[in-house]
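What follows is each chain in one-letter form.
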Amino acid sequence: MIDTYGRNINYLRVSVTKRCNLNCTYCGADCHGKDYELTAEQIEKIVKVFADFGIDKVRLTGGEPLLRPDICHIAEKISSIKGIRKLALTTNGIRLKEFALPLKKAGITAVNISLDTTDKEQFKKITGTDALEKVFDGIDQCEKAGISPIRLNAVLIRGQNDEQAESLINIAKTRKIDVRFIELMPFSDAGENEKLVVKGEELLKRFPFLKPVKAQGSSFEKSVARYYESDSFKGRIGLITPVSDKFCSECNRIRLLSDGKVKPCLGNEETFDLLEVIDNEALLRERIRQAILSKPMEHKFSCGYGNNHGLNKIGG
Ligand code: SAM
């Protein structure tokens, strides 16, 4: 569906839970508590309506999506919906060893794994959990299961883990895995100081051997990342730069939160409650249409620094 600003909204991110088994210093997400979580059947019903409106790509996320015991059931239901051509997952990877194969069978084709460091002690400091080996086991298992693409997403914070850029990039040297760097957004106290943001341009200066990939992907693969390559690398390096370089005019995404609210823009507070209309097909359709048409022209992250927009306030 084309929104008010002429963007084709075809990508739905579905948060299946707010809960998380990590406690990353910079995230600021409210991942505890027992809020209502949509059932697999309710998610299916909502995604069907979105598919009617032209959504063809869905990503399961959270919180940590692999905390849902019925995550494969959810994936199976979504991948069977007419019109959904691509189903992806974003995870911290801790439970991937167990889930990679069943998720592939349930229709997941692409996995993004969040990994900010290759150092065991630093991983513990950032996430509050000693589980780096589990994440690497999960990555290995995704490769074995034939999931492709596999992407690692890293947030670098100046003075904390920015020295990790090189060892993270080296993963793409030896494995067919894309490594992407996301600029720190103002979601928490740790993300409050713009000086801590390691900007994309800075990384390009640090690694001058990286050259832009010529074909950045088809419109179906439209991504917020800009990709770079090096002759000696198997994977690509991606830069996601929401802070230094707004990509709102290209934004094709909308979010369904685990409590049944739709959030048209990550960087704005407006939400639309679907749970209160879920039993009435016509009202449900109308609410989803309204949500798509309400997607604002651009996010407000640039006003966020010094203004604490916790991820718990603006949604995951
Ligand atoms: N639990 C899943 C995971 O770890 O990938 C999905 C949820 S997590 C909130 C999704 C992504 O958001 C992670 O890659 C995380 O690094 C990123 N993220 C969280 N807070 C952020 C911030 N302040 N700035 C940029 N990215 C952030």
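Each remark here, short or long, concerns the structure printed above.
Keep in mind that this is a model prediction, so the values were computed, not measured.

Reading the values: rules and limits
- Residues numbered from 1 in each chain as written.
- Predicted model: local features only at pLDDT ≥ 70, side-chain atom pairs only at ≥ 80, totals over all residues.
- Heavy atoms only, no water.
- Near = heavy atom within 4 Å.
- Polar contact = N/O pair within 3.5 Å; in protein donor to acceptor, adjacent residues only side chain to side chain.
- Areas by Shrake-Rupley, 256 points an atom, 1.4 Å probe, with all protein chains shown as cover.
- Nonpolar A, V, L, I, M, F, W, Y, C, P; charged D, E, K, R; others polar.
- Helix = DSSP H or I, 4+ residues; strand = E, 2+ residues; numbered from the N terminus.
- Pairing = 2+ DSSP bridges.
- Core = buried A, V, L, I, M, F, W, Y, C linked by side-chain atoms within 4.5 Å.
- Buried < 20%, exposed > 50% of the residue type's maximum accessible area, 1.4 Å probe, protein only.
- Contact = heavy atoms within 4.5 Å.
- Salt bridge = Lys/Arg side-chain N within 4 Å of Asp/Glu carboxyl O.
- Arc of directions from axis to C-beta.
- Right-handed = clockwise from strand over helix to strand, strands pointing away.
- Axes fitted to C-alpha atoms, helices over the stretch in contact; angles between N-to-C directions.
- Parallel < 35°, antiparallel > 145°, perpendicular 65-115°, else oblique.
- Left-handed = near helix turned anticlockwise from the far one by under 90°.
- Phe/Tyr/Trp six-rings, centres within 6.5 Å; stacked < 30°, edge-to-face > 60°.
- Lys NZ or Arg CZ within 6 Å of the ring centre and 35° of its normal.

### Quick notes on the site of the ligand
- Near the ligand you find 15 residues, and of these Tyr26, Gly63, Glu64, Ser114 and Met185 are the closest.
- Thr91 is positioned with one of its backbone polar atoms (N or O) 3.3 Å from an oxygen atom of the ligand.
- Out of a free accessible area of 550 Å², the ligand has 88% covered by protein chains.
- Across the shell around the ligand, the residue classes tally to six nonpolar, seven polar and two charged.

### Side note on unusual backbone geometry
- With omega at 25°, the peptide bond leading from Gly62 into Gly63 counts as cis.
- Along the chain, the position of Gly63 falls in the loop between β2 (57-61) and α2 (71-79).
- Residue Pro149 follows Ser148 across a cis peptide bond; omega there is 5°.
- Locating Pro149 in the fold gives a position in the loop between α5 (132-145) and β5 (150-155).

### Digging into the sheet that holds strand β1 (residues 11-15)
- In spatial order, the strands read β7-β8-β9-β6-β5-β4-β3-β2-β1-β10-β11-β12; together these 12 strands make up an open sheet with mixed pairing. Both outer strands of the open sheet, β7 (211-212) and β12 (272-273), are each paired with one neighbouring strand and no more.
- The pairing of strand β4 (residues 110-114) with β5 spans four bridges and is parallel. Residue Asn112 lies in a different strand from β5, and its bridge partner there is Arg151.

### A look at the nonpolar core
- By size, the foremost hydrophobic cluster in this structure holds 78 residues, and its most contacted members are Val58, Leu60 and Phe181.
- Filtering out sequence-adjacent residues up to four positions away, Val58 remains in contact with Leu12, Val14, Val47, Ile78, Ile84, Lys86, Leu87 and Ala88.
- If you look at the next biggest cluster of nonpolar residues, it comprises 17 residues, including Phe187, Val197, Tyr227 and Leu266.

### Looking at the pattern of salt bridges
- The final tally for this structure, using the stated rule, is 21 salt bridges.
- By sharing partners, the salt bridges in this structure join Arg19, Glu37, Arg68 and Asp70 into a single network.

### Some thoughts on helix α3 (residues 96-105)
- For α3, the full list of buried residues reads Leu96, Phe99, Ala100 and Leu103. Looking straight down α3, one finds its buried side chains confined to an arc of 120°; they lie on one side.
- Against the buried residues of α3 lie α2, β3 (86-91), β4 and α5.
- A positive phi of about 110° marks Gly107, the residue just after α3.

### Quick word on the pairing of β2
- Most of β2 sits inside the fold, with five of its five residues counted as buried.
- Residue alternation in β2 divides its side chains into two sets, Lys57, Arg59 and Thr61 and Val58 and Leu60, and both sets are buried.
- The handedness of the β1 to β2 crossover, carried by helix α1 (residues 40-52), is right-handed.
- In the sheet, β2 pairs with β3 via four bridges, with the strands oriented parallel. The partner of Lys57 across the bridge, within β3, is Lys86.
- Taken together, β2, α2 and β3 form a β-α-β motif whose crossover is right-handed.

### Side note on the side chain of Ser230
- Structurally, Ser230 is set in the loop between β8 (226-229) and β9 (237-240).
- Sequence-distant contacts of Ser230, defined by excluding residues within four places in its chain, comprise Phe209 and Leu210.

### With respect to the pairing of strand β10 (residues 253-256)
- Covered by surrounding structure in β10 are Arg253 and Arg255 together with Ile254 and Leu256, the residues of both alternating faces.
- For β10 and strand β11 (residues 261-263), the ladder comprises two bridges, and the chain directions are antiparallel. Across the sheet, Leu256 pairs through a bridge with Val262, a residue of β11.
- Joining the antiparallel neighbours β10 and β11 is a turn of four residues, in which Gly260 adopts a positive phi near 95°.

### Some words on the packing of α2 against α3
- Contact pair α2 / α3: the axes reach a minimum separation of 9 Å and the direction vectors enclose 20°. Judged by the angle between their axes, α2 and α3 are roughly parallel. You can see that α2 and α3 cross each other, and the crossing is right-handed. Residue-level inspection shows Ile71, Cys72 and Ala75 of α2 in contact with α3, the latter providing Phe99, Pro102 and Leu103.
- Split into classes, the residues belonging to the contact of α2 with α3 amount to six nonpolar, no polar and no charged.

### With respect to the environment of Lys195
- Relative to the helices and strands, Lys195 is located in the loop between β6 (178-182) and α7 (200-206).
- For Lys195, a relative accessible area of 66% corresponds to the exposed category.
- Separated by 145 residues in sequence, Lys195 and Phe50 place their C-alpha atoms 39 Å apart.

### Topic: the packing of aromatic side chains
- This model, assessed by the stated rule, comprises two aromatic pairs.
- A ring pair is formed by Phe207 and Phe209, whose centres lie 6.0 Å apart and whose planes are at 75°; its orientation type is edge-to-face.
- Considering the side-chain rings of Phe209 and Phe233, the 5.8 Å spacing of their centres and the 50° angle between planes classify their relative orientation as tilted. Taken together, the residues Phe209 in the loop between α7 and β7 and Phe233 in the loop between β8 and β9 connect sequence positions 24 residues apart.
- In this structure Phe233 comes out as buried when scored by relative accessible area, which is 11%.
- By the ring-pair criterion, three or more aromatic residues cluster together here, those being Phe207, Phe209 and Phe233.
- Over the face of the ring belonging to Tyr227 we find Arg236, whose NZ or CZ atom lies 3.7 Å from the ring centre.
- The positively charged end of Arg285 is found above the aromatic ring belonging to Phe53, 4.9 Å away from the centroid.

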